[in-house]
Amino acid sequence: MNRAADAPAALRCGNCGQGLEALDLDGHYGQRVAVDLCPGCHLVWFDPVESARLAPTGLLALVQSMAAAQSIAHQPLRPDLPCPRCRGALEPVHNLTRSGRSRQLECVAGHGAWQSFGEFLAERGLLRPMGLADRHRALGDDGRLGCVACGGRMARDDAACPWCGSVPALVDVARL
């Protein structure tokens with residue numbers, strides 16, 4: 001039996017074309033969960049129910065990988081982002097979680113879903129809206145903010161990200 005021929009092909013990001021970084025994370029009950037990350041686009045791909053299967057240690061390892069990717073220049077997202085498995089269409093899905101509303105782009109064929117780093121953190125309740133004092137501290141030297149959901153640049157007084165519509169937010173370290 002040829003293992004190389006039986007191995008699934010490496011996934012590529014439909015936004016930038018780069019190969020996805022495969023993460024082998026801790027799941028519940030000693031299981032392993034394979035999650036795919038595009039560091040440059042700040043996207044994570046979850047096959048069906050992978051997100052729910054992450055154990056707390058797997059979640060922390062994923063957050064660490066996301067944090068490491070923050071030093072990489074962010075690629076703006078294409079409006080026609082395809083599924084990395086079938087290259088088919090995605091549709092926005094809004095879910096209600098105990099932490100509030102969350103958004104993801106699901107493959108219409110059921111292969112999984114993309115989430116930006118910020119969308120994943122918000123789904124898990126690890127982001128909080130940015131208050132005025134937070135905003136003042138977070139402003140860069142150029143008077144602009146970076147959106148935690150998509151990485152887009154925001155002006156000092158923007159009520160929402162001009163790229164993705166997210167409310168300015170930051171990681172709630174105490175909750176993490």
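Okay, so let's go over this structure. (Residues numbered from 1 in each chain as written. Predicted model: local features only at pLDDT ≥ 70, side-chain atom pairs only at ≥ 80, totals over all residues. Heavy atoms only, no water.)

A few words now on helix α3 (residues 56-69). With 14 residues, α3 ought to run about 20 Å at 1.5 Å a step, and its terminal C-alpha atoms sit 20 Å apart, in line with that. Burial in α3 covers these residues: Gly-58, Leu-59, Leu-62, Val-63, Ser-65, Met-66 and Ala-69. Take α3 and look down its axis: the buried residues cluster within an arc of 160°, on one side only. Summarising the geometry of α3, the exposed residues directed more than 90 degrees from the buried face are Pro-56, Gln-64 and Ala-68. Lining the buried residues of α3 we find β1 (21-26), β2 (32-38), β3 (43-46) and α4 (117-123). (Helix = DSSP H or I, 4+ residues; strand = E, 2+ residues; numbered from the N terminus. Expected span 1.5 Å × (residues − 1). Buried < 20%, exposed > 50% of the residue type's maximum accessible area, 1.4 Å probe, protein only. Arc of directions from axis to C-beta. Contact = heavy atoms within 4.5 Å.)

Below, the discussion takes up the pairing of β2. For β2, the tally of buried residues reaches five of seven residues, placing the bulk of the element in the interior. The sheet contact formed by β1 and β2 spans six bridges and is antiparallel. Looking across to β2, one finds that Asp-24 is bridged to Ala-34. Between β1 and β2, which pair antiparallel one after the other, the connecting turn spans five residues, and Tyr-29 there sits at a positive phi close to 60°. In the sheet, β2 pairs with β3 via three bridges, with the strands oriented antiparallel. By the bridge assignment for β3, Cys-38 is matched with Leu-43. Adjacent in sequence and paired antiparallel, β2 and β3 are bridged by four residues, among which His-42 carries a positive phi angle near 55°. (Pairing = 2+ DSSP bridges.)

In terms of nonpolar packing, the biggest core is built from 19 residues, with Val-35, Val-44, Leu-54, Leu-62, Met-66 and Phe-120 touching the most fellow members. Residues contacting Val-35, with those up to four places away along its chain left out, are Glu-21, Ala-22, Leu-23, Leu-25, Val-44, Trp-45, Phe-46, Glu-50, Leu-54 and Leu-62. If you look at the next biggest cluster of nonpolar residues, it comprises 13 residues, including Leu-11, Cys-13, Cys-41 and Leu-43. (Core = buried A, V, L, I, M, F, W, Y, C linked by side-chain atoms within 4.5 Å.)

Okay, the pairing of strand β6 (residues 113-116) next. Burial along β6 is two-sided: the face carrying Ala-113 and Gln-115 and the face carrying Trp-114 and Ser-116 are both buried. Note that β3 and β6 share four bridges and pair antiparallel. Bridge pairing in β6 places Phe-46 opposite Ala-113.

A few words on the packing of aromatic side chains. Throughout the structure, instances matching the rule amount to two aromatic pairs. Consider the rings of Trp-45 and Trp-114, whose centres lie 5.4 Å apart with planes at 70°: the pair is edge-to-face. Here Trp-45, found in strand β3, pairs with Trp-114, found in strand β6; they are 69 residues apart in sequence, far enough to count as distant. By the burial criterion, Trp-45 is buried, and Trp-114 matches it. (Phe/Tyr/Trp six-rings, centres within 6.5 Å; stacked < 30°, edge-to-face > 60°.)

Counted under the stated rule, the structure contains six salt bridges. Close ionic contact of Arg-78 with Asp-80 constitutes a salt bridge, the shortest N to O distance being 2.9 Å. Taking relative accessible area as the criterion, Arg-78 reaches 36% and is therefore assigned partly exposed. Judged by relative accessible area, which is 48%, Asp-80 ranks as partly exposed. For the salt bridge of Arg-103 with Glu-119, the shortest nitrogen-to-oxygen distance reads 2.9 Å. Of this pair, Arg-103 sits in strand β5 (residues 100-107) while Glu-119 sits in helix α4, and the two are 16 residues apart along the sequence. We classify Arg-103 as partly exposed; its relative accessible area is 32%. Through salt bridges with shared partners, a single network forms among Asp-24, Asp-26 and Arg-32. (Salt bridge = Lys/Arg side-chain N within 4 Å of Asp/Glu carboxyl O.)

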